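A closer look at the structure
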Amino acid sequence: MYKAALIIASYVLGTFPTARLVVGRAIEGGSGNPGASNAYRTAGRRKGLVVLLGDAAKGAAAAGAGYAAAGRPLAFACGAAAVAGHIVPITRPRQGGKGVATAAGMATVLFPLIAPFSAAAWVVAAKLTKKASVGSFAAIAVLPTGVAVTGRPAWELVATLAIGAVVVLRHTSNLKALARGEERSIR
């Protein structure tokens with residue numbers, strides 16, 4: 001019973017509206033997405049960083065609580081619930097984020113040796129292309145690759161791929177904009 005309660009609590013934690021609290025209604029500008037990249041575009045570097053850290057903390061706290069309570073399987077479930085809460089918050093169903101930073105926080109707890117490489121892939125790809133979405137795709141590709149290379153159990157690879165697939169699906173509009181050459185740039 002406590003596991004279900006912890007997963008539900010992780011989902012609720014994921015719904016915490018970091019960008020709306022840090023940036024306010026200005027987050028509705030730009031792409032309208034309540035995430036770190038849009039906060040950066042609409043409110044500047046400092047507020048974008050605060051949103052990034054806040055969203056990552058949601059995933060890290062959820063995964064960490066699950067890990068402490070019952071090990072890696074519950075850590076994955078709680079981290080995934082926080083990502084789901086960020087993407088589809090029950091209080092704002094169509095106003096969720098894309099889940100990149102929350103998933104990164106989860107990955108930092110679960111894969112502390114791989115997560116820095118994933119973050120570095122984001123930075124390099126985003127700097128080279130000036131597109132946050134391309135950075136997200138690079139990070140999402142590196143994480144399961146690292147999980148596979150380090151010989152983690154197959155279920156962890158499948159779970160990592162599934163969470164990555166959800167994040168990529170949330171970027172459908174970005175993929176279309178990239179194909180049209182209309183994707184927003186980061187400064």
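Details of the structure are given in the entry above.
Predicted, not measured: the structure shown is a model, and the values here were computed from it. (Residues numbered from 1 in each chain as written. Predicted model: local features only at pLDDT ≥ 70, side-chain atom pairs only at ≥ 80, totals over all residues. Heavy atoms only, no water.)

Let's talk about helix α7 (residues 115-129)
One turn of the α-helix equals 3.6 residues, which is why residues spaced by three or four share an orientation. The end-to-end C-alpha separation of α7 is 21 Å, in line with the 21 Å expected for 15 residues at 1.5 Å each. Looking only at α7, the buried set comprises Ala115, Ser118, Ala121, Ala125 and Ala126. Down the axis of α7, the buried side of the element spans an arc of 115 degrees, and every buried residue falls inside it. Among the exposed residues of α7, those pointing more than 90 degrees away from its buried face are Phe117, Lys127 and Leu128. Buried residues along α7 sit in contact with α6 (100-110) and α8 (132-149). Within two residues after α7, Lys130 carries a phi angle of roughly 65 degrees, on the positive side. (Helix = DSSP H or I, 4+ residues; strand = E, 2+ residues; numbered from the N terminus. Expected span 1.5 Å × (residues − 1). Buried < 20%, exposed > 50% of the residue type's maximum accessible area, 1.4 Å probe, protein only. Arc of directions from axis to C-beta. Contact = heavy atoms within 4.5 Å.)

Some remarks on the packing of aromatic side chains
With the rule as written, the count across this model stands at 2 aromatic pairs. Look at Phe76 and Trp155: their rings are 4.9 Å apart centre to centre, the planes differ by 70 degrees, and that puts the pair in the edge-to-face class. Note that Phe76 is positioned in helix α5 (residues 72-87) and Trp155 in helix α9 (residues 154-170), a separation of 79 residues in sequence. By the ring-pair criterion, three or more aromatic residues cluster together here, those being Phe76, Phe111 and Trp155. (Phe/Tyr/Trp six-rings, centres within 6.5 Å; stacked < 30°, edge-to-face > 60°.)

Some remarks on empty space enclosed by the protein
For the structure on display, the rule yields 1 cavity of 30 Å³ or more. Looking at the largest cavity, it is lined by 13 residues, and the ones nearest its centre are Phe16, Pro17, Pro34, His86 and Arg92. Grouping the amino acids of the lining of the largest cavity by side-chain chemistry returns 4 nonpolar, 5 polar and 4 charged. (1 Å grid on protein atoms, 1.4 Å probe; cavity = no way out; pocket = protein on both sides within 12 Å on 5 of 7 lines; lining within 4 Å. Points joined across faces, edges and corners; volume = space filled by probe spheres on them. Nonpolar A, V, L, I, M, F, W, Y, C, P; charged D, E, K, R; others polar.)

Here we look at helix α4 (residues 45-70)
Over its 26 residues, α4 extends 37 Å from the first C-alpha to the last, a length consistent with the 38 Å expected when each residue adds 1.5 Å. Considered for burial, the residues of α4 that qualify are Gly48, Val51, Asp55, Ala56, Lys58, Gly59, Ala62, Ala63 and Gly66. Of the surrounding elements, those touching the buried residues of α4 are α1 (2-14), α2 (18-23), α3 (36-43), α5 and α6. The first or second residue beyond α4 is Gly71, which carries a positive phi of 90 degrees.

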